[in-house]
Amino acid sequence: MLAIWYGGTFDPVHDGHLAIARAAADTFTVPVTLAPAADPPHRAAPGADARQRAHMLDLAVAGDHRLRVDRRELARPGPSWTVDTLHELRSELGDSAPLALLVGADSFRSLPTWKHWRELPRLAHFIVAGRSGGGDLAQLPDTLAAEASGRWTTDPAALATRPAGCLYALDQPLRAESATAVREGIVAGDPAWRAQVPPAVAAWIDAHGLYRVP
């Protein structure tokens, strides 16, 4: 069975994250694992600590059998490099098990900046959540386009037939949610941010006073 891994900062988790995860779960008919990063090396320090972000994920996925939360990156010291996580997953799943990394289009376009990025397609498939029509995947950086050439498939079932190496574009409708907008809305005292996160997450943010200081 294909295993789908969705890593990120989730600072905080919002409805856009969940829509991507659920779309992947429904398309591939398997659960999706959401994994908060402990120390993301590609961005500034998160506004909430790792345990808080993981707990908000627990609240967000509660009752949805399609989604799971994994805390392994919180237990590992140092930056949360994706290549290290994929090696760890490979050691658990074996070399022949199908494994896919679920990422947004912007993250995929930045792949050449990731540690040992050329190794990643040999460890896992990529499911890339782009906007409807795939316009945000049409113009990739030259080095990434060359690496991606010949890997794209439009058949979800193809990812279950081999361990790694395929690219699949998961179309997503345009959504307004972003973690930055949620944090900025909280700081500004704009209640509109509540509509971008699950109610249980909004209540927990309020109860713990998260993101109040810019």
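Relevant structure appears above.
Before going into details, it helps to say that this report is about the structure given with it. In this text the structure is predicted, and so the values were computed from the model without any measurement. (Residues numbered from 1 in each chain as written. Predicted model: local features only at pLDDT ≥ 70, side-chain atom pairs only at ≥ 80, totals over all residues. Heavy atoms only, no water.)

### Some words on the overall build of the chain
- Summing up its helical and strand segments, the chain has nine helices and seven strands in all.
- For 214 residues, the compact-globule estimate of 2.2 N^0.38 gives 17 Å, and the C-alpha radius of gyration of the chain, at 17 Å, lies within 12% of that figure.
- Relative to its full complement of 214 residues, the chain shows a buried share of 48%.
- Relative to all contacts within the chain whose residues are 6 or more apart in sequence, the contacts with residues 24 or more apart total 74%.
- Charged side chains in the chain number 21 positive and 24 negative. The centres of these two groups are separated by 2 Å. (Helix = DSSP H or I, 4+ residues; strand = E, 2+ residues; numbered from the N terminus. Rg over C-alpha atoms; globule rule 2.2 N^0.38 Å. Buried < 20%, exposed > 50% of the residue type's maximum accessible area, 1.4 Å probe, protein only. Contact = heavy atoms within 4.5 Å. Lys, Arg positive; Asp, Glu negative; His and termini not counted. Charge placed at Lys NZ, Arg CZ, Asp CG, Glu CD.)

### Here we look at unusual backbone geometry
- The linkage connecting aspartate 11 with the following residue, proline 12, adopts the cis geometry, with an omega of 0 degrees.
- Following the sequence through the fold, proline 12 ends up in the loop between strand S1 (3-8) and helix H1 (15-28).
- Positive phi outside glycine occurs at phenylalanine 10, with the angle close to 50 degrees.
- Along the chain, phenylalanine 10 turns up in the loop between S1 and H1.
- Notably, histidine 116 is not glycine yet its phi reads approximately 50 degrees, a positive angle.
- Along the polypeptide, histidine 116 turns up in the loop between helix H5 (105-109) and helix H6 (120-123).

### Let's talk about empty space enclosed by the protein
- As enumerated under the stated definition, the model contains one cavity of 30 Å³ or more in all.
- Here the largest cavity defines a volume of roughly 30 Å³.
- In terms of lining, the largest cavity is formed by Phe108, Leu111, Pro121, Leu144, Glu147, Ala148, Arg151 and Leu167.
- In terms of residues, the lining of the largest cavity owes the most to one element, helix H7 (residues 142-148), which gives three residues.
- Among the residues making up the lining of the largest cavity, the classes are represented as six nonpolar, no polar and two charged. (1 Å grid on protein atoms, 1.4 Å probe; cavity = no way out; pocket = protein on both sides within 12 Å on 5 of 7 lines; lining within 4 Å. Points joined across faces, edges and corners; volume = space filled by probe spheres on them. Nonpolar A, V, L, I, M, F, W, Y, C, P; charged D, E, K, R; others polar.)

### As for helix H4 (residues 82-93)
- If you check H4, its first and last C-alpha atoms are 16 Å apart, about what 12 residues at 1.5 Å a residue would give, namely 16 Å.
- When H4 is considered as a whole, its buried residues turn out to be Val83, Thr85, Leu86, Leu89 and Arg90. Taken around the axis of H4, the buried residues stretch over an arc of 155 degrees, which confines them to a single face. Those residues of H4 that are exposed and aimed more than 90 degrees away from the buried face are Ser91 and Glu92.
- Among the structural elements, S1, helix H3 (72-75), strand S4 (99-104) and H6 are those in contact with the buried residues of H4.
- Positive backbone phi, approximately 95 degrees, marks glycine 94, located one or two places after H4. (Expected span 1.5 Å × (residues − 1). Arc of directions from axis to C-beta.)

### Here's the deal with the packing of aromatic side chains
- Counted according to the given criterion, the structure contains four aromatic pairs.
- Relative to tyrosine 168, the ring of phenylalanine 28 lies with its centre 5.2 Å away and its plane at 75 degrees, an arrangement referred to as edge-to-face. Taken together, the positions of phenylalanine 28 in helix H1 and tyrosine 168 in strand S7 (residues 167-172) put the pair 140 residues apart, joining distant regions of the chain. When sorted by exposure, phenylalanine 28 lands in the same class as tyrosine 168, which is buried. (Phe/Tyr/Trp six-rings, centres within 6.5 Å; stacked < 30°, edge-to-face > 60°.)

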